[in-house]
Each structure stands twice: as C-alpha cells, then as structure tokens.
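The chain contents come next:
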Amino acid sequence: MKLSTSTEDASPLFFGITNAVAGHLLLRLALGINLLGHGLVRIGNPSAFADAIVQLFANTWLPSPLVRLFALLLPSIELVIGVLLTLGLLTRAALFTGGLLMVSLIFGTTLRSDWETAGLQMIYAAFYAALMATAHLNRVSVDAWWASTRSRSVPVSSSSPAPVP
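Cut-off values and rules
- Residues numbered from 1 in each chain as written.
- Predicted model: local features only at pLDDT ≥ 70, side-chain atom pairs only at ≥ 80, totals over all residues.
- Heavy atoms only, no water.
- Helix = DSSP H or I, 4+ residues; strand = E, 2+ residues; numbered from the N terminus.
- Buried < 20%, exposed > 50% of the residue type's maximum accessible area, 1.4 Å probe, protein only.
- Contact = heavy atoms within 4.5 Å.
- Areas by Shrake-Rupley, 256 points an atom, 1.4 Å probe, with all protein chains shown as cover.
- Axes fitted to C-alpha atoms, helices over the stretch in contact; angles between N-to-C directions.
- Left-handed = near helix turned anticlockwise from the far one by under 90°.
- Nonpolar A, V, L, I, M, F, W, Y, C, P; charged D, E, K, R; others polar.
- Expected span 1.5 Å × (residues − 1).
- Phe/Tyr/Trp six-rings, centres within 6.5 Å; stacked < 30°, edge-to-face > 60°.
- Lys NZ or Arg CZ within 6 Å of the ring centre and 35° of its normal.
- Patch = residues over 30% accessible without salt bridge, like charges linked within 9 Å, V, L, I, M, F, W, Y side chains within 5 Å.
- Salt bridge = Lys/Arg side-chain N within 4 Å of Asp/Glu carboxyl O.
- Polar contact = N/O pair within 3.5 Å; in protein donor to acceptor, adjacent residues only side chain to side chain.
- Bend = angle between axes of the 7 residues up to and from the residue.

Novice: I'd love a proper account of the overall build of the protein chain, names of residues and values included.
Specialist: Counting its regular elements, the protein chain contains 7 helices and 0 strands. When the helices and strands of the protein chain are read in sequence order from the N terminus, they spell out α-α-α-α-α-α-α. By the burial criterion, 28% of the 165 residues in the protein chain qualify as buried. Of the contacts formed within the protein chain by residues at least 6 apart in sequence, a portion of 68% connects residues at least 24 apart. Looking at the protein chain as shown, the accessible area adds up to about 10,700 Å², and 71% of this sits on carbon and sulfur atoms.

Laid out in structure tokens, this is it:
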C-alpha cells in the first residue's frame, strides 16, 4: 500500500536517500540515542536504581526480588538496544526487543496505576511499532551495509567446475 504519490516523497534528499528513508533514519537515531542515554545514566549505579524501583513497586503484588532483578537488568538492556538502534545493527531484533521491553514496562506501570507514565510509555511503544512497520526503509544502517556487501560477493555454485590453477 502506497501512502503518498507526491514527487517530494520519492525525490532523493541527501546522498541519494528519499525523504521516507531519511525520516526512518532520524526516528531510529532519536529512539536509539534516547535508550542509550537511559542505559548510560542508570548503569553507573545499578543498585541505587534498583532500590528506587523496588520502592515504587512496594504496594503492588509483584515480588520484590523479581522487581529488583528486572531493575538491575534494565539499564544493560536499554544500553544494548540503544547501541543497536543507533548503529542500525540487528535493527529488527532490537526494535522487537525494545517493543517487548515497553510492553513489560507498561504492565508494571499500570500495576502502580501511574497512568501518566503509562501514556508516555505508549508513545515509545508507538515509535517502536512505526519503526518496525517501516523497517524496509532502514537503508542507512550497518544492516543495509552488510546486506549490500553480501549481495556483491558472488557465491561459488556447487555445480560449477573448480577453477584450474
């Protein structure tokens, strides 16, 4: 399904990329750097971060050890997803993992009845979904570079004769 037929959407922007590809790149970079920042500021003192999260969930039915484990892992997960999205490396896996992370955060946030934060998390989830739905536009990335490198190398067919020295 083509969303727009305007010549502006199809015209090259910089370095031969279209506006749609540039838009996807900018959104991917913004989300990647955002997650990278989340991970970096939290990973410096994981215990203090985990303690604060455990306190937030003290009045929910989630067991404190489970909340603590999740809180200790969260900064590393955010950091890895942030790096992958910023580079455009394993992009689809990073987007799907990030989307699942948002689902788990939304679940926890709604258990605390923190509807304002849940609304903000829904915006993040929408960004993950939009980037996943437009993954075919991920042309300025390590993934795209690797794909072009693989397509340029000519595989040796098993039916062709071996070269004679």
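What follows picks up the thread again.
Novice: Just give me the short version of the packing of helix α4 (residues 64–87) against helix α5 (residues 91–111), but keep the residues and values in it.
Specialist: Taken N-terminus to C-terminus, the directions of α4 and α5 make an angle of 150 degrees; their axes are 10 Å apart at the nearest point. For α4 against α5, the interelement crossing comes out left-handed. Where α4 abuts α5, its residues Phe70, Leu74, Ile77, Glu78, Ile81, Leu84 and Leu85 lie against Thr91, Ala94, Leu95, Thr97, Gly98, Leu101, Ser104 and Leu105. Class assignment for the residues of the contact of α4 with α5 results in 10 nonpolar, 4 polar and 1 charged.

Novice: An account of helix α2 (residues 19–43) is needed here, citing residue identities and associated values.
Specialist: For α2, with 25 residues, the first-to-last C-alpha span of 36 Å sits near the 36 Å given by 1.5 Å per residue. Taken together, the buried positions of α2 are Val21, Ala22, His24, Leu25, Arg28, Leu31, Gly32, Leu35 and Gly39. Its buried side turned inward, α2 meets α4, α5 and α6 (115–133).

Novice: Tell me about the packing of aromatic side chains, and please be specific about residues and values.
Specialist: Under the definition given, this model contains 1 aromatic pair. Seen in terms of ring centroids, Trp61 and Phe107 are 6.2 Å apart; in terms of plane orientation they differ by 75 degrees. Their pairing is edge-to-face. Placement of the pair is Trp61 in the loop between α3 (46–56) and α4 and Phe107 in helix α5, with a sequence separation of 46 residues. Looking at Phe107, the relative accessible area reads 42%, which means it is partly exposed. A cation over an aromatic ring shows up here: Arg112 above the ring of Phe57, its NZ or CZ 5.4 Å from the ring centre.

Novice: Before we move on, could you go through a nonpolar patch on the surface and cite the residues and values that matter?
Specialist: Residues Leu66, Leu69, Leu73 and Ile77 make up a contiguous nonpolar surface patch of about 340 Å² in total accessible area. Within the secondary structure, Leu69 sits in helix α4. A residue is classified by how much of its surface remains accessible, and Leu69, at 46% relative accessible area, is partly exposed.

Novice: Report on the side chain of Glu78, specifying residues and quantitative values.
Specialist: Mapped onto the fold, Glu78 is located in helix α4. On the accessibility criterion, Glu78 (4% relative accessible area) is buried. Side-chain polar atoms of Glu78 contact the side chain of Arg42, separated by 2.8 Å. In this structure Glu78 touches Leu35, Leu36, His38, Gly39, Arg42 and Leu101, once residues within four positions along its chain are discounted.

Novice: Tell me what's going on with the environment of Leu29, and back it up with residues and numbers.
Specialist: With respect to the secondary-structure elements, Leu29 resides in helix α2. Residue class for Leu29 comes out partly exposed when judged on its relative accessible area of 27%. A sequence separation of 54 residues divides Leu29 from Val83, and the C-alpha atoms of the two residues are 9.7 Å apart.

Novice: I'd love a proper account of α4, names of residues and values included.
Specialist: Look at α4: 35 Å from first C-alpha to last across 24 residues, which is about the 34 Å you get at 1.5 Å a residue. Most pronounced at Leu74, the bend in α4 amounts to some 35 degrees, and the proline Pro75 follows within four residues. Of all the positions in α4, only Val67, Ala71, Leu74, Pro75, Glu78, Ile81, Gly82, Leu84 and Leu85 are classed as buried. Lining the buried residues of α4 we find α2, α3, α5 and α6.

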